[in-house]
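Letter by letter, the chains look like this.
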Amino acid sequence: MRQDHLVAAGQLSRADVERVLDRAAEFDAALGSGESLPARYPETVLALCFYEPSTRTKMSFETAMKRLGGDVVDMGSVDASSVKKGESLADTVRVIEGYGDGIVLRHPREGAARMASEFVDVPVVNAGDGAGQHPSQTLLDLYTIREAAGLDDLTIGIVGDLKYGRTVHSLATALTEFDAHMHFVSPESLRLPRSVRFDLHEAGAQVREHTELDDVLPELDVLYVTRIQRERFPDEDEYQKVAGEFQIDGDTLDAAGDDLTVMHPLPRVDEIAPEIDDTDYANYFEQAHNGVPVRMALLDLLLSNHE
Amino acid sequence: MSDHELRVSKIRDGTVLDHLPGGSALHVLALLGIDGSEGTGVSVAMNVPSDRMGTKDVVKVEERELSQAEVDVLSLIAPRATVNIVQEYAVIEKKRVERPESVAGVLACPNSSCITNADEPVTTRFDVLDDGLRCSYCEEIIREGIADHLDVG
């Protein structure tokens with residue numbers, strides 16, 4: 001990967017993705033074997049700037065940096081930081097650049113990470129920008145898909161909030177680099193936004209859209225389920241119209257192929273019934289665990305570029 | 001010169017923008033950052049008959065020669081515009097607008113959640129597509145009503 005920053009999935013070529021995933025597989029094997037990893041970045045400090053809540057992304061970046069021998073500094077909650085005093089993001093990242101060797105940024109506004117990357121010299125990773133992109137999640141999604149089903153000749157169904165779902169936007173864009181058949185299943189009001197649709201069209205992706213999961217479920221290798229994100233809706237009434245629209249339970253999956261892999265970026269609310277958790281279909285906790293080796297690989301590549 | 005173009009008089013030195021879409025002249029002036037405060041002459045003819053366009057607008061800006069980069073921004077709202085640079089009442093150079101690869105600082109992003117609409121020290125920037133514009137920050141695409149998003153001066 002030649003870039004200094006990772007702000008959007010569209011930056012990633014197939015070779016970039018494969019390089020991260022191959023490196024992640026090495027870390028994964030080392031972590032799984034219980035052997036102690038050499039401290040590759042003992043002097044490195046990663047700055048975590050999360051303007052929105054996070055569990056998995058933040059903790060897995062923290063774990064990844066520590067497993068690489070480095071450490072983290074955490075801006076903490078927005079309420080307890082100078083953001084509360086009205087500090088701009090541009091100022092905040094320029095200050096934090098002096099504390100860390102890289103910045104992981106989550107922000108409620110689309111384009112925040114790209115803007116931040118223009119103000120600093122250290123690598124910036126977009127850990128979610130509003131309803132925009134979440135490219136590091138995409139890398140761990142692709143890792144999980146590659147392990148479970150392979151990335152070529154893949155048929156994937158992506159279900160739920162396609163309009164506001166940043167994991168969906170990044171994943172769909174990245175899959176255009178592979179031989180994937182993409183089926184998008186959502187209520188009419190939550191279809192993919194125009195910008196993602198444009199990218200898929202430009203890439204010549206094989207895409208179909210549906211409003212019913214039954215139309216496509218039997219064909220799928222992977223079912224990627226997303227939460228309808230209440231916090232992104234400008235209007236509560238609009239949210240209520242579509243809340244609970246797609247709920248996956250044992251009955252739903254009667255029509256699925258035996259080898260189907262069910263994924264979810266988590267957190268879930270009621271999209272996947274707990275009864276699925278113990279079946280062979282469920283892969284979402286494994287997916288979350290993959291965040292550590294994949295983010296180790298991403299940090300390794302970005303930090304080594306920057307040395 | 002046709003009678004229609006004589007609605008505004010010849011200028012000695014400056015730039016004549018012709019074949020602007022009817023009704024677009026004020027947007028054109030806004031895009032160019034011309035509001036009359038410079039103290040030099042600006043003539044505007046709006047919705048004059050045109051054989052080629054039905055109606056068109058014409059703008060004459062005195063004592064200012066617009067650069068190619070400046071006129072290229074006009075392609076966003078006046079893709080068929082012609083630009084004549086005038087010295088001593090004579091046209092010394094004709095330019096056509098060409099679509100630039102990107103434009104900065106002339107449009108506001110219509111996405112209210114875009115970082116460029118927060119109180120940040122950042123200039124808007126759009127990549128120019130074949131049939132629209134794309135925000136370089138949030139990736140929002142604008143296809144219709146580009147003039148509605150002008151944010152200049």
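Residues numbered from 1 in each chain as written. Chains lettered and ligands numbered in written order. Predicted model: local features only at pLDDT ≥ 70, side-chain atom pairs only at ≥ 80, totals over all residues.

### Overview of the interface of chain B and chain A
Stated formally: Two residues qualify as a contact pair if the distance between their C-beta atoms, derived from the backbone, is within 7 Å. Each residue is assigned to one of three groups, with Ala, Val, Leu, Ile, Met, Phe, Trp, Tyr, Cys and Pro labelled nonpolar, Asp, Glu, Lys and Arg labelled charged, and all others, Gly among them, labelled polar.
Opposite the 16 residues of chain B that make contact, chain A presents 15 residues. Of the residues assigned to the side of chain B that touches chain A, the class counts are nine nonpolar, three polar and four charged.

### Describing helix α3 (residues 89-96) of chain A
Residues and elements named next belong to chain A. The condition that has to hold: With C-beta atoms placed from the backbone, a residue counts as buried when 20 or more other C-beta atoms lie within 10 Å of its own, as exposed when 12 or fewer do, and as partly exposed for counts between those limits. For the purposes of this entry, the term helix denotes a DSSP run of H or I that reaches at least four residues, the term strand denotes a run of E that reaches at least two, and both are numbered from the N terminus. The arc refers to the directions leading from the helix axis to the C-beta atoms.
All of the buried residues along α3 are L89, T92 and V93. What you see down the axis of α3 is that its buried residues fit within an arc of 90°, all on one side. Where α3 is buried, its residues contact β1 (45-50), β3 (102-107) and α4 (112-119).

### Looking at the pairing of strand β8 (residues 132-135) of chain B
All names here are of chain B. The cut-off we apply is this: Two strands are said to pair when DSSP picks up at least two bridges between them.
Inspection of the sheet shows strand β7 (residues 125-129) paired to β8 by four bridges, in the antiparallel sense. Its bridge partner lying in β8, F126 is registered against C135. As consecutive antiparallel partners, β7 and β8 are separated by two residues.

### Quick word on the domain arrangement of chain B
Residue and element names in this part refer to chain B. Operational definition: Each domain span listed reflects an automatic or database assignment of domains.
What the domain assignment reports for chain B is domain 1 (4-96) and domain 2 (102-149). A C-alpha centroid distance of 25 Å is found between domain 1 and domain 2. Every contact between the two is made by six residues of domain 1 and, on the other side, four residues of domain 2. Among the residues forming the side of domain 1 that touches domain 2, the class breakdown is four nonpolar, two polar and no charged.

### Overview of the domain arrangement of chain A
All names here are of chain A. Per the domain assignment, the segments making up chain A are domain 1 (9-133 + 291-306) and domain 2 (135-288). Summarising the inter-unit geometry, the C-alpha centres of domain 1 and domain 2 are found 24 Å apart. Listed by partner, the interface residues are 22 residues for domain 1 and 21 residues for domain 2. When residues of the side of domain 1 that touches domain 2 are traced back to their parent elements, those giving at least two are α1 (14-33), α2 (56-67), β4 (124-129) and α10 (291-306). Among the elements that take part in the side of domain 1 that touches domain 2, α1 stands out by supplying five residues, more than any other. The residue inventory of the side of domain 1 that touches domain 2, partitioned by class, reads eleven nonpolar, eight polar and three charged.

### Some points on the packing of α2 of chain A against α10 of chain A
Residue and element names in this part refer to chain A. Note the cut-off: For helices, the fitted line uses only the C-alpha atoms of the stretch in contact; every axis is such a line through C-alpha atoms, and the angle between N-to-C directions lies from 0 to 180 degrees. What sets the label is the angle itself: under 35 degrees gives roughly parallel, over 145 gives roughly antiparallel, 65 to 115 gives roughly perpendicular, and the rest give oblique. Each crossing is labelled by how the near helix is turned from the far one, with a counterclockwise turn of less than a right angle marking it left-handed and a clockwise turn marking it right-handed.
Look at α2 against α10: their axes get within 8 Å of each other, and the N-to-C directions meet at 60°. By the angle between their directions, the pair α2 and α10 is classed as oblique. For α2 against α10, the interelement crossing comes out right-handed. Only G291, V292, R295, M296 and L299 of α10 make contact with α2, whose side of the interface consists of R56, S60, F61, T63, A64, M65 and R67.

### A short note on the nonpolar core
Defined as follows: To count as a nonpolar core, a set of buried Ala, Val, Leu, Ile, Met, Phe, Trp, Tyr and Cys residues must be joined through C-beta atoms within 7 Å.
Ranked by size, the top nonpolar core spans 119 residues in total, and within it I103, A116 and I158 of chain A together with V28 of chain B carry the most contacts. Of the residues forming this core, the biggest block, eight residues, is contributed by α10 of chain A. The residues touching I103 of chain A, leaving out its near neighbours within four places in the chain, are A47, C49, V93, I96, E97, A116, V120, V122 and V124 of chain A.

### Topic: the UniProt feature "binding site: Zn(2+)" (unreviewed entry) in chain B
Inclusion rule: UniProt positions are given in the numbering used here, feature names are shortened, and annotations may be inferred rather than shown by experiment.
As annotated in UniProt, the feature "binding site: Zn(2+)" (unreviewed entry) corresponds to C109, C114, C135 and C138 of chain B in the numbering used here. Look at the named residues: they lie 30 residues apart in sequence, but the longest C-alpha span between them is just 8.9 Å, so in the fold they bunch up. By secondary structure assignment, the location of C109 of chain B is in the loop between β6 (102-104) and β7. By secondary structure assignment, the location of C138 of chain B is in the loop between β8 and β9 (141-142). Take C138 of chain B: there are 26 C-beta atoms within 10 Å of it, and that puts it in the buried class. In contact with C138 of chain B, other than residues within four places in its own chain, are E110, G111 and G132 of chain A together with C109, N111, C114 and I115 of chain B.

### Remarks on unusual backbone geometry
Cis geometry is found at the peptide bond from L266 of chain A to P267 of chain A, where omega equals 5°. Within the fold, P267 of chain A resides in the loop between β9 (261-263) and α9 (284-289). One non-glycine residue, H19 of chain B, lies in the positive phi region at around 60°. Under the C-beta neighbour-count criterion, H19 of chain B is labelled partly exposed, with 18 such atoms within 10 Å. Here Y89 of chain B, not a glycine, exhibits a phi torsion of approximately 70°, which is positive. On the secondary structure map, Y89 of chain B appears in the loop between β4 (82-87) and β5 (90-96).

### So, the sheet that holds β8 of chain B
Read from one edge to the other, the open sheet built from four strands follows the order β6-β7-β8-β9 (chain B), with strand pairing classed as antiparallel. Looking at which strands have only one partner, the edges of the open sheet turn out to be β6 and β9 of chain B.

### Notes on the sheet that holds strand β3 (residues 54-62) of chain B
Residue and element names in this part refer to chain B. Spatial strand order, β2-β3-β1-β4-β5: five strands in an open sheet with antiparallel pairing. For this open sheet the edge positions go to β2 (42-50) and β5, each flanked by a neighbour on one side alone. Taking the axes of each pair of neighbouring strands and ignoring which way they run, one obtains an average angle of 20° across the sheet. With six bridges connecting them, β4 and β5 associate as antiparallel partners. Of the residues in β5, the one forming a bridge with V86 is V91. Sheet contacts for helix α1 (residues 25-32): β1 (14-21), β2 and β3; angle to β3, the most-contacted strand, approximately 35°.

### Topic: the UniProt feature "domain: Aspartate carbamoyltransferase regulatory subunit C-terminal" (unreviewed entry) in chain B
The feature "domain: Aspartate carbamoyltransferase regulatory subunit C-terminal" (unreviewed entry), as given by UniProt, occupies residues 103-144 of chain B in the numbering adopted here. Annotated as residues 103-144 of chain B, this span is 0% helix and 31% strand, and its ends, taken at the C-alpha atoms, are 16 Å apart.

### Examining the pairing of β4 of chain A
Look at any regular strand and the pattern is simple: side chains alternate between the two faces of the sheet. The line we're drawing: By convention, orient the strands away from the viewer: a clockwise path from the first strand over the helix to the second makes the crossover right-handed.
The buried fraction of β4 of chain A amounts to six of the six residues, a majority that puts the element mostly inside the structure. Once the chain exits β3 of chain A it traverses α4 of chain A before rejoining the sheet at β4 of chain A, and the crossover so formed is right-handed.

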